[in-house]
Amino acid sequence: MKAEYNFIANIIEKNSTVLDVGCDDGTLMEFLRKNKNVNIRGIEISKEKVQICIAKGLTVIEGNAELDLKQFPKNSFDYVVLGQTLQAFINPEIVIKELLRVGKKAIVTIPNFGNWKVRLDLLFKGTMPITSSLPHEWYNTPNIHMCTIKDFVRFSEIINFKIVKSLALINKNISNISKSNIFLKNLFGELGIFLIENK
Amino acid sequence: MNTRENIKKLIIEKPLRLDCGKTISKFPLAYETYGKLNENKDNAILVFHALTGDQFVTGVNPITKKDGWWSYAVGPKKSIDTDKYFIICANVIGGCMGSFGPSHENPETKKIYGTDFPVITINDMVNAQVNLLDFFNIKKLFSVVGGSMGGMQVLQFVSNFPDKAKTAVPIACTSSHSAQNIAFNELGRQAITADHNWMDGKYNSKSTLPDKGLAVARMAAHITYLSKKGLQEKFGRNLQERDDLKFGFDADFQIESYLRYQGSVFVDRFDANSYLYITRAMDYFDLVKQFDGNLSNAFKKTKTKFFIMSFTSDWLYPTQENKDIVIALNAIGANVGFVEIESDKGHDSFLLEVPDFLNALKNFLDKSYIEGNNES
């Protein structure tokens with residue numbers, strides 16, 4: 001996941017304020033704090049993960065992005081990061097809107113369900129795909145709203161936000177997604193990375 | 001009684017105007033310290049005690065001969081590490097462990113103050129204790145820490161003195177005492193004042209202490225510090241040293257015997273009038289009202305880094321009330337961390353051996369201390 005972090009670090013300006021939503025064990029927070037000297041906060045639903053973050057000296061609040069983002073006023077942060085968790089929310093639309101209210105910009109990464117391995121799994125096995133980045137069975141997966149790179153682009157049109165930058169992660173390499181190559185990026189991309197803002 | 005006279009006391013000469021309108025001066029503030037103040041004087045932690053606590057945070061309490069009330073958390077290599085930090089704790093004013101309180105003699109009447117003692121508030125308590133910083137020549141505390149009423153003092157302290165603490169750890173507390181909190185405190189006060197030995201607060205010799213009322217107050221309060229699950233697991237319907245019910249009003253059940261014991265040991269160390277005064281101070285605590293309904297304004301001027309903790313089974317100061325403080329701080333972009341600790345031990349969790357809590361407290365303090373040193 002180093003490539004993903006590097007990309008996120010590349011778009012975040014030095015000394016900015018950042019909120020990592022679903023910060024997990026704080027790996028990205030530490031990375032950004034060290035490399036970009038950002039003033040970074042985290043919000044994480046798991047008590048165990050919050051404890052790990054505290055042990056790393058990170059400022060994290062235990063909370064749920066769907067319920068607890070509302071306590072932050074408009075434009076509280078320069079960037080809000082949502083790493084590979086959009087698909088786990090009950091209402092991704094509300095979450096995206098909240099991210100763009102709390103942050104001036106948001107960075108959202110999604111595991112791409114359009115990836116060829118996922119497609120082949122379903123096509124040949126006829127069972128719900130299980131891959132290294134999507135390791136759960138259908139009945140116990142936290143990922144209840146999987147989407148593809150293409151879906152996310154469509155989503156931006158439907159709920160009306162602007163994609164400033166879109167990239168695909170393929171084999172640890174990052175490449176731009178454009179209108180002309182989206183078919184291939186959606187087929188080979190393991191991860192979609194989007195910098196978004198309000199229109 | 002000799003040991004009581006050896007209690008460390010700072011006589012505060014400077015007049016202190018109390019919220020009730022009265023002014024006190026030349027009054028004693030009893031305190032204790034642990035660990036060593038370093039050369040830079042940047043390792044001091046002011047610990048605030050809860051309702052029935054005192055300045056003897058850890059080690060053996062010289063008066064009660066029992067372990068200090070926060071022995072699990074404070075000591076060498078513990079969460080609040082006495083090898084690293086200089087810990088100061090004062091008995092609150094209104095208390096009964098040496099600080100100016102209702103059991104002191106009124107020089108005018110030569111009798112104890114009793115209910116002639118001015119009503120004090122959480123604000124008055126911290127305004128008295130801030131004098132300790134001057135006394136030790138400390139410009140800025142590394143941290144202010146406390147649970148329950150101690151947490152309320154933490155909030156009030158940072159609000160009153162926004163640049164006097166680098167970090168603040170309010171634990172299992174509230175920014176505004178709820179109706180339920182007030183109700184339980186009133187129950188305790190009524191138990192005390194209903195004891196005929198209370199005599200309008202003018203009791204003064206050992207034979208006439210309102211021990212029964214105070215014991216009942218303690219018993220009722222003690223229930224609020226525990227959780228239903230915790231009580232059920234510890235006592236259930238177990239009988240006390242008997243095989244069957246005795247069809248009377250002796251302590252048949254272990255829980256009854258336990259509460260009676262808690263009540264009886266409490267009266268040996270606590271003053272009934274102090275109990276009235278301190279519970280009143282808690283009831284009057286409403287930091288939200290102090291800032292015209294907007295708690296965020298209490299912390300507008302501060303850069304203090306907060307870390308707030310609550311406990312899953314604490315129904316006296318539940319998680320939501322602690323979260324309200326987090327929300328108020330986030331609303332102004334303050335630096336705040338928060339975690340709810342899983343525990344069956346109720347409100348008392350912060351005083352007990354709850355590893356997740358003790359680890360989080362230690363990690364927050366130690367990492368913040370290193371961070372602070374790297375900055376400067």
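Keep in mind that what you see is a predicted model, and the values were worked out from it rather than measured.

### Considerations on the overall build of chain A
Alright, step 1. Scanning chain A for helices and strands turns up 8 helices and 8 strands.
Alright, step 2. Computed over the C-alpha atoms, the radius of gyration of chain A is 16 Å, within 12% of the 16 Å expected from 2.2 N^0.38 for a compact globule of 199 residues.
Alright, step 3. Seen through its C-alpha atoms, chain A measures out along the principal axes to roughly 45 × 35 × 30 Å.
Alright, step 4. By residue count, 51% of the 199 residues in chain A fall in the buried class.
Alright, step 5. When contacts within chain A are restricted to residue pairs at least 6 apart in sequence, those whose partners lie at least 24 apart make up 64%.

### Some points on the packing of helix H6 (residues 211-225) of chain B against helix H8 (residues 254-269) of chain B
Residue and element names in this part refer to chain B.
Alright, step 1. Interaxial distance between H6 and H8 falls to 8 Å at its minimum, and their mutual angle equals 125°. The orientation of H6 with respect to H8, classified from their angle, is oblique. Of the two possible hands of crossing, H6 and H8 adopt the one that is right-handed. Mapping the contact onto sequence places Asp-211, Leu-214, Ala-215, Arg-218, Met-219, His-222 and Ile-223 in H6 and Tyr-258, Leu-259, Arg-260, Gln-262, Gly-263, Phe-266, Val-267 and Arg-269 in H8.
Alright, step 2. Here the contact of H6 with H8 is composed, by residue class, of 8 nonpolar, 3 polar and 4 charged.

### Some thoughts on helix H4 (residues 149-160) of chain B
Alright, step 1. Under the 1.5 Å per step criterion, the end-to-end length of H4 of chain B is 16 Å for 12 residues, consistent within 8% with the ideal 16 Å.
Alright, step 2. Every buried residue belonging to H4 of chain B is among Met-149, Gly-150, Gly-151, Met-152, Gln-153, Val-154, Leu-155, Gln-156, Phe-157, Val-158 and Ser-159 of chain B, and all of these are buried.

### Thoughts on the packing of aromatic side chains
Alright, step 1. Scanning the model with the defined rule gives 31 aromatic pairs over all chains in all.
Alright, step 2. Centroid distance Phe-155 of chain A to Phe-161 of chain A: 6.1 Å. Interplanar angle 80°. Geometry classified as edge-to-face. The two residues Phe-155 of chain A and Phe-161 of chain A agree in class, both being buried.
Alright, step 3. A centroid spacing of 5.5 Å and a plane angle of 90° characterise the contact between Phe-100 of chain B and Tyr-113 of chain B, whose relative ring orientation is edge-to-face. Here Phe-100 of chain B, found in the loop between strand E8 (86-90) and strand E9 (105-106), pairs with Tyr-113 of chain B, found in the loop between strand E10 (111-112) and helix H2 (122-129); they are 13 residues apart in sequence, far enough to count as distant.
Alright, step 4. By relative accessible area, which is 10% here, Phe-100 of chain B ends up buried.
Alright, step 5. A residue is classified by how much of its surface remains accessible, and Tyr-113 of chain B, at 14% relative accessible area, is buried.
Alright, step 6. Each member of the aromatic cluster is reached from another via a ring pair, and the members are Phe-27, Phe-100, Tyr-113, Phe-117 and Tyr-277 of chain B.
Alright, step 7. Taking NZ or CZ as reference, Arg-218 of chain B lies 4.6 Å from the ring centre of Phe-266 of chain B, over its face.

### Some remarks on the interface of chain B and chain A
Accessible area lost on assembly of the parts is the figure often given for the size of an interface.
Alright, step 1. Listed per partner, the contact involves 24 residues of chain B and 17 residues of chain A.
Alright, step 2. With both chains or domains summed, chain B and chain A bury close to 1,600 Å², and 49% of this area falls on carbon and sulfur atoms.
Alright, step 3. Summed over the shared surface of chain B and chain A, the result is 10 residue pairs in polar contact (both at pLDDT 80 or more).
Alright, step 4. Mapped onto the side of chain B that touches chain A, the elements with two or more residues apiece are strand E13 (305-311), helix H11 (319-330), strand E14 (336-341) and helix H12 (355-375) of chain B.
Alright, step 5. Residues that form the side of chain B that touches chain A fall into these classes: 11 nonpolar, 6 polar and 7 charged.

### Examining the side chain of Lys-47 of chain A
Alright, step 1. Mapped onto the elements, Lys-47 of chain A comes out in helix H3 (residues 47-55).
Alright, step 2. A distance of 2.8 Å separates the side chain of Lys-47 of chain A from the side chain of Glu-62 of chain A, its partner in a polar contact.
Alright, step 3. When residues no more than four places from it in sequence are discounted, the contact partners of Lys-47 of chain A are Glu-62 of chain A together with Thr-312, Glu-340 and Glu-342 of chain B.

### Some remarks on the nonpolar core
Alright, step 1. Counting 109 residues, the largest nonpolar core has Ile-96, Leu-99 and Phe-152 of chain A together with Ile-93, Val-144 and Phe-157 of chain B as its most contacted members.
Alright, step 2. Considering each element in turn, this core owes the most residues, 7 residues, to helix H9 (residues 272-284) of chain B.
Alright, step 3. When residues of this core are assigned to domains, at least three map to each of domain 1 (2-178 + 286-375) and domain 2 (182-279) of chain B.
Alright, step 4. If we ignore the near neighbours within four places in the chain, the residues touching Ile-93 of chain B are Leu-16, Leu-18, Ile-24, Phe-27, Leu-29, Ser-99, Phe-100, Ile-120, Asp-124, Met-125 and Ala-128 of chain B.
Alright, step 5. Formed by 64 residues, the second largest nonpolar core is a distinct cluster that contains Ala-9 and Tyr-79 of chain A together with Ile-87 and Phe-350 of chain B.

### Here's the deal with the packing of helix H5 (residues 179-194) of chain B against H6 of chain B
Residues and elements named next belong to chain B.
Alright, step 1. Across the interface, H5 lies against H6 with an axial gap of 7 Å and an inter-helix angle of 160°. By the angle between their directions, the pair H5 and H6 is classed as roughly antiparallel. In the crossing of H5 with H6, the sense of the turn from one axis to the other is right-handed. Across the interface between the two elements, Phe-184, Leu-187, Gly-188, Ala-191 and Ile-192 of H5 pack against Gly-213, Leu-214, Val-216, Ala-217, Ala-220 and Thr-224 of H6.
Alright, step 2. Taken together, the residues of the contact of H5 with H6 break down into 8 nonpolar, 3 polar and no charged.

### Quick look at the side chain of Ser-274 of chain B
All names here are of chain B.
Alright, step 1. Along the chain, the position of Ser-274 falls in helix H9.
Alright, step 2. A polar atom in the side chain of Ser-274 sits 2.7 Å from the backbone oxygen of Gly-94.
Alright, step 3. Contacts of Ser-274, omitting those with residues within four sequence positions, involve Gly-94, Gly-95, Cys-96 and Pro-102.

### Some points on the domain arrangement of chain B
All names here are of chain B.
Alright, step 1. Taken domain by domain, chain B consists of domain 1 (2-178 + 286-375) and domain 2 (182-279).
Alright, step 2. Relative placement of domain 1 and domain 2: their C-alpha centres are 26 Å apart.
Alright, step 3. Listed by partner, the interface residues are 31 residues for domain 1 and 30 residues for domain 2.
Alright, step 4. Of the roughly 2,500 Å² buried between domain 1 and domain 2, counting both surfaces, carbon and sulfur atoms make up 59%.
Alright, step 5. When the buried surface of domain 1 facing domain 2 is broken down by residue, Leu-51, Thr-52 and Trp-315 rank first, second and third, together holding 24% of it.

### Looking at a nonpolar patch on the surface
All names here are of chain A.
Alright, step 1. Nonpolar side chains collect at one region of the surface, where Trp-116, Leu-120, Leu-123, Phe-124, Phe-183, Leu-184 and Phe-188 lie side by side and expose about 770 Å² of accessible area between them.
Alright, step 2. Secondary-structure elements contributing two or more residues to the nonpolar patch are helix H6 (116-125) and helix H8 (182-188).
Alright, step 3. Along the chain, Phe-183 turns up in helix H8.
Alright, step 4. On the basis of relative accessibility, which here comes to 52%, the residue Phe-183 falls in the exposed class.

### Thoughts on the pattern of salt bridges
Residue and element names in this part refer to chain B.
Alright, step 1. Scanning the entire structure with this criterion turns up 24 salt bridges over all chains.
Alright, step 2. Glu-233 is the partner of Lys-229 in a salt bridge, and the nearest nitrogen-oxygen pair spans 3.8 Å. With Lys-229 and Glu-233 both in helix H7 (residues 228-234) and 4 residues apart, the pair spans about one turn of that helix.
Alright, step 3. A residue is classified by how much of its surface remains accessible, and Lys-229, at 46% relative accessible area, is partly exposed.
Alright, step 4. Between Asp-283 and Arg-280 there is a salt bridge, with its nearest N and O atoms 3.4 Å apart.

### Overview of the pairing of E8 of chain B
Residue and element names in this part refer to chain B.
Alright, step 1. Across the 5 residues that make up E8, a large majority, 5, are buried.
Alright, step 2. In this structure, strand E4 (residues 27-34) lies alongside E8, joined through 4 bridges in antiparallel fashion. Paired with Glu-32 across the two strands is Cys-89, which belongs to E8.
Alright, step 3. As judged from the 4 bridges shared by strand E5 (residues 44-48) and E8, these two strands associate in the parallel manner. Directly across from Val-47, in E8, lies its bridge partner Cys-89.

Rules used in this analysis
- Residues numbered from 1 in each chain as written.
- Chains lettered and ligands numbered in written order.
- Predicted model: local features only at pLDDT ≥ 70, side-chain atom pairs only at ≥ 80, totals over all residues.
- Heavy atoms only, no water.
- Helix = DSSP H or I, 4+ residues; strand = E, 2+ residues; numbered from the N terminus.
- Rg over C-alpha atoms; globule rule 2.2 N^0.38 Å.
- Buried < 20%, exposed > 50% of the residue type's maximum accessible area, 1.4 Å probe, protein only.
- Contact = heavy atoms within 4.5 Å.
- Axes fitted to C-alpha atoms, helices over the stretch in contact; angles between N-to-C directions.
- Parallel < 35°, antiparallel > 145°, perpendicular 65-115°, else oblique.
- Left-handed = near helix turned anticlockwise from the far one by under 90°.
- Nonpolar A, V, L, I, M, F, W, Y, C, P; charged D, E, K, R; others polar.
- Expected span 1.5 Å × (residues − 1).
- Phe/Tyr/Trp six-rings, centres within 6.5 Å; stacked < 30°, edge-to-face > 60°.
- Lys NZ or Arg CZ within 6 Å of the ring centre and 35° of its normal.
- Buried area = accessible area lost by both parts, 1.4 Å probe.
- Polar contact = N/O pair within 3.5 Å; in protein donor to acceptor, adjacent residues only side chain to side chain.
- Core = buried A, V, L, I, M, F, W, Y, C linked by side-chain atoms within 4.5 Å.
- Domains from an automatic or database assignment.
- Patch = residues over 30% accessible without salt bridge, like charges linked within 9 Å, V, L, I, M, F, W, Y side chains within 5 Å.
- Areas by Shrake-Rupley, 256 points an atom, 1.4 Å probe, with all protein chains shown as cover.
- Salt bridge = Lys/Arg side-chain N within 4 Å of Asp/Glu carboxyl O.
- Pairing = 2+ DSSP bridges.

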